Structure formats: structure tokens, C-alpha cells
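Reading the structure
Listed here are the chains, written in short residue letters.
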Amino acid sequence: MFINTVKSLLEEALTERKDLFLIDFSVNGENAINIIIDGDQGVKVEDCMFISRAIEHNIDREEHDFALEVMSSGAAAPLTLPRQYPKHIGRTLGVKTTTQKIEGVLTEANEDEITLEWKAREPKPVGKGKVTVNKKENIAYKDIVEAKVIIKF
């Protein structure tokens, strides 16, 4: 019953804020609520406060004892939903598929796939030595095992 109440309040808040979306939601046996959100333009502290208040202010503390934690999907967290990719266009991603690992710049993201571009050193077609070539690959979301933004300092 408690979980359904929390879930309903969370859905209402996310309906009100269409730019935010749910990454993960859990309630353990001790009523510790953990919510991870992301947003089309990222997540600010105010966004986490909005979700937190939408839940906390609508549950009677006299009736339910609970702990609530609302956080954003971290910078190093894997991308899990297709909706997360467009805001990372222009950034370097490390993508692991069922058959390969690629590190490249995300240049496109649509509802079915992403496009990565990178430079690679390959043997010359004729003669000795190597030449730098531009590579480009489209990867369907269904083939992605893990994708992370590569943070460069």
C-alpha cells in the first residue's frame, strides 16, 4: 500500500515536470525510498527538491515512518534509457556492445540508435606504416550492453 502511494505521487510529479524522467525507484522493507531521476537538460538540486517535496508533503509522517532520497543519475553512471542520449551529443562515450567496445564522439541519437564517430590508426592499403582514418558506426539501443560518458579533465 505504501509503495503504491509513493509510486502514484512520483508519477504525478513527473507528469507535472515533463523534462524529468525516472531512472530508478525502490522502497526497501524499512520504508527507505530511493529515487534516481534524470532530465532532458540535466538535473539541478531544485529538481530533486521538487520531486522530494511532491512525495514528502503528501504522506502523513504520523501514519508512515520513512526515509526519502532523491538524486540525479551521476556523471559516471551508465546511460540506461534512449532518452538520456540526445543531451550528450558532442561528448565522448564508451560503448560496449555484444560484440565490441567503442570509444567515440556521439554525433546523433534518435529513437532507434546512436551514431559514434572516432579516428583510428590502420595499416596503409599499400606499403608500410599506418594511416589515420575516420570511423563511424550506428549502434542500435538493443545492442548496447553498457554506455558511459567519458569524462575528460
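Details of the structure are given in the entry above.
None of the values given here were measured: they were computed from a predicted structure. (Residues numbered from 1 in each chain as written. Predicted model: local features only at pLDDT ≥ 70, side-chain atom pairs only at ≥ 80, totals over all residues. Heavy atoms only, no water.)

A short note on the overall build of the protein chain
What the protein chain contains, in helices and strands, is two helices and eight strands. Listed by position from the N terminus, the elements making up the protein chain come as α-β-β-α-β-β-β-β-β-β. Its C-alpha radius of gyration of 21 Å places the protein chain more than 25% over the 15 Å reference for a compact globule of 153 residues. Along the three orthogonal principal directions, the C-alpha set of the protein chain runs to about 80 × 30 × 25 Å. Counting the 153 residues in the protein chain, one finds 31% classified as buried. Taking the contacts inside the protein chain whose residues are at least 6 apart along the sequence as the reference set, 49% of them involve residues at least 24 apart. (Helix = DSSP H or I, 4+ residues; strand = E, 2+ residues; numbered from the N terminus. Rg over C-alpha atoms; globule rule 2.2 N^0.38 Å. Buried < 20%, exposed > 50% of the residue type's maximum accessible area, 1.4 Å probe, protein only. Contact = heavy atoms within 4.5 Å.)

Some details on the layout of surface pockets
Estimated volume of the largest pocket: approximately 200 Å³. Looking at the largest pocket, it is lined by 15 residues, and the ones nearest its centre are Ser-73, Gly-74, Ala-75, Lys-87 and His-88. Looking at the lining of the largest pocket residue by residue, the class counts come to six nonpolar, six polar and three charged. (1 Å grid on protein atoms, 1.4 Å probe; cavity = no way out; pocket = protein on both sides within 12 Å on 5 of 7 lines; lining within 4 Å. Points joined across faces, edges and corners; volume = space filled by probe spheres on them. Nonpolar A, V, L, I, M, F, W, Y, C, P; charged D, E, K, R; others polar.)

A few points about the environment of Leu-93
Looking at the secondary structure, you find Leu-93 in strand E4 (residues 92-97). By relative accessible area, which is 0% here, Leu-93 ends up buried. Distance in space between the C-alpha atoms of Leu-93 and Asp-47 is 25 Å, their sequence separation being 46 residues. Non-local contacts of Leu-93, meaning those with residues more than four positions away in its chain, are made with Leu-79, Tyr-85, Ile-102, Glu-103, Gly-104, Leu-106, Leu-116, Lys-148, Val-149 and Ile-150.

What to know about the packing of helix H1 (residues 2-16) against helix H2 (residues 45-56)
Running from amino to carboxyl end, H1 crosses H2 at an angle of 140°, the nearest separation of the two axes being 9 Å. As the angle between them shows, H1 and H2 are arranged oblique. For H1 against H2, the interelement crossing comes out right-handed. In this structure, H1 uses Val-6, Leu-9, Leu-10, Ala-13, Leu-14 and Glu-16 to contact H2, whose residues at the interface are Phe-50, Ile-51, Ala-54 and Ile-55. Residues that form the contact of H1 with H2 fall into these classes: nine nonpolar, no polar and one charged. (Axes fitted to C-alpha atoms, helices over the stretch in contact; angles between N-to-C directions. Parallel < 35°, antiparallel > 145°, perpendicular 65-115°, else oblique. Left-handed = near helix turned anticlockwise from the far one by under 90°.)

As for the sheet that holds strand E2 (residues 32-39)
In space, the three strands of this open sheet follow the order E1-E2-E3, with mixed pairing throughout. This sheet does not close on itself; its edge strands, each paired only once, are strand E1 (20-27) and strand E3 (67-72). Averaged over all adjacent pairs, the angle separating strand axes in this sheet is 20°, with direction ignored. Note: E2 against E3, six bridges, orientation parallel. Looking across to E3, one finds that Ile-37 is bridged to Ser-72. Running over the sheet, H1 touches E1 and E2 and is turned about 170° from E1. Against the sheet, H2 contacts E1, E2 and E3, and its axis sits at roughly 155° relative to E3. (Pairing = 2+ DSSP bridges.)

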